[in-house]
Amino acid sequence: MELSEEDLRLVNALQISPRISWSDAGQVLGVHATTLASRWERLRAAGAAWTTAHLMGDPKDMCLAMVDIDCEMHLRPDVTSAVAQLPEVITVEEAASNRDLMLTVITQDLGQFSTQVVPRLKEIRGLTKYHTALCTRIHTSGYAWRLNVLSKAEQQALKALAGPESANPYDATVAPLPDTHLALIPFLARDGRATAAEIARALNRNPATVQRQLGRVLSSRMLSFRCEIAQQFSGFPITVQWFANVPAGEHEAAATELRAIRNIRFSASTTGRTNFTMIMWLRSLADVMEMELTIQQRIPGIELVESVVMLNTAKRVGWMLNPDSTATGTVVPPYGELLPSGI
């Protein structure tokens, strides 16, 4: 499968406004609403693109942990499958480095990570060692990554039409939600564009009630909404993560410089052996050295301690992926235990 320019324009539009109506998107893109809806269904069915919502993991309100895993070589596939089934483990990547797997874990707090996630990791057969770094501040996240194939005017028009879920999720404090509202999250994880009517039918609730609940969920800042694209179609097939040290008091300035680099997918301050990490999508392995030079030129005081190239992504923000980076359609969402049996 190949993605056309029109496909990429649609994905870019949904990156900016994941829940925009097809009629509004059609006015901006100059395409009929039914054509956009049909095109989107084709992309979703092929696993080439999808919309999702995941717990944002802001350290002010939650616990975001980055866990390095070592495992027995012949049991690596089993360990990968086992950790990917944990809903708190939102991302699982196989690394070309001195660790086998790299996990991103989001829990309600550090206590939940320590008492619920760590014991389950220890029970996994073949998992021999783990090392944890905790995020103390998220500077940049994947929701803000863009294809940038739309004109500036089109991008501005889409931003003007975007709902509260498209705002920077780290600009405000999370509003706590009751369990009745949390039950909507698994549906938004599977489809970031899920409607109140669809969720109401699945939960056997009154549509008007679910509409009110959905509005509260969308404005709660608990979730980060994004439109994902299979990495092979993005033009940036290489994932690299750097672990670095940045002088105290200069993290915000470093993050500001990194945001000017379009390749950036994630940057955060952390605890552990280093105090700063960043993830980028690059066009080739040859770009790794060039990007390191760019980083050092932009952030003179930074010490790049280690670079890690990802060999494979088995799970990205809740979605299971095929080896070719397309989505399998299987999602392991948080709060799934709140759903009625059979959903």
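In short, a report on the structure. Note that the structure is predicted; figures quoted are calculated from it, not measured.

**Side note on the nonpolar core**
Inference 1: Grouped together as the largest cluster of nonpolar side chains are 37 residues, with contacts concentrated most on Leu55, Leu184, Leu188, Ile199, Met222 and Leu223.
Inference 2: Listing elements by their share of this core, those giving two or more residues are strand E1 (49-55), strand E2 (63-71), strand E5 (127-140), helix H8 (185-190), helix H9 (196-203), helix H10 (207-218), strand E6 (223-229) and strand E8 (264-270).
Inference 3: For leucine 184, the contacting residues outside a window of four places in its chain are Ile199, Leu203, Arg205, Val210, Gln213, Leu214 and Val217.

**Let's talk about the pattern of salt bridges**
Inference 1: Following the criterion strictly, the structure yields 18 salt bridges and no others.
Inference 2: Between arginine 316 and glutamate 228 there is a salt bridge; the shortest N-O distance is 3.4 Å. Within this pair, whereas arginine 316 is found in strand E10 (residues 303-316), its partner glutamate 228 is found in strand E6, the two being separated by 88 residues in sequence. Accessibility assignment for this pair places arginine 316 and glutamate 228 in one class, buried.
Inference 3: The partner of arginine 298 in a salt bridge is glutamate 257, with the nearest N and O atoms 3.3 Å apart. Placement of the pair is arginine 298 in helix H12 (residues 286-298) and glutamate 257 in helix H11 (residues 251-259), with a sequence separation of 41 residues.

**With respect to the packing of aromatic side chains**
Inference 1: Under the criterion given, the structure shown has three aromatic pairs.
Inference 2: Here the aromatic rings of tryptophan 145 and phenylalanine 236 are separated by 6.1 Å at their centres, their planes lie at 90°, and the arrangement is edge-to-face. You can see tryptophan 145 sitting in the loop between E5 and helix H6 (152-161) and its partner phenylalanine 236 sitting in the loop between E6 and strand E7 (238-245), a full 91 residues away along the chain. Both residues of the pair, tryptophan 145 and phenylalanine 236, count as buried.
Inference 3: For arginine 283, the ring lying beneath its charged end belongs to phenylalanine 236, and the centroid distance is 4.3 Å.

**Considering the pairing of E2**
Inference 1: Most of E2 sits out of view: eight of its nine residues are buried.
Inference 2: Bridging between E2 and strand E4 (residues 101-107) involves seven bridges; their strand directions are antiparallel. Pairing of valine 67 across the sheet is with leucine 103, part of E4.

Cut-offs used in this document
Within each chain, residues carry numbers counting from 1 in the order of the written sequence. Confidence filtering applies because this is a predicted model: local features only for residues at pLDDT of at least 70, side-chain atom pairs given and counted only at 80 or more, and all residues used for totals across whole chains, interfaces and linings. In computing side-chain properties, one takes all heavy atoms of the structure into account and sets aside hydrogens as well as water. Only buried residues count toward a nonpolar core. Its members are Ala, Val, Leu, Ile, Met, Phe, Trp, Tyr and Cys residues joined through side-chain atoms within 4.5 Å. Partly exposed describes any residue whose relative accessible area lies between the buried limit of under 20% and the exposed limit of over 50%, with all areas from a 1.4 Å probe on protein chains only and scaled to the type maximum. Going along the chain from the N terminus, every DSSP run of H or I of four or more residues is numbered as a helix, and every run of E of two or more is numbered as a strand. Throughout, a contact is declared for two residues whenever any of their heavy atoms are within 4.5 Å. In the sections that follow, a salt bridge refers to a side-chain nitrogen of Lys or Arg positioned within 4 Å of a carboxyl oxygen of Asp or Glu. When two rings of Phe, Tyr or Trp (its six-membered ring) have centres within 6.5 Å they constitute a pair, described as stacked for plane angles under 30 degrees, edge-to-face for angles over 60, and tilted for the intermediate range. Each ring is checked for a lysine NZ or an arginine CZ that lies within 6 Å of its centre and within 35 degrees of its normal; such an atom marks a charge sitting over the ring. Whether two strands pair comes down to DSSP finding at least two bridges between them.

Worth remembering: the numbers are spatial, not functional.
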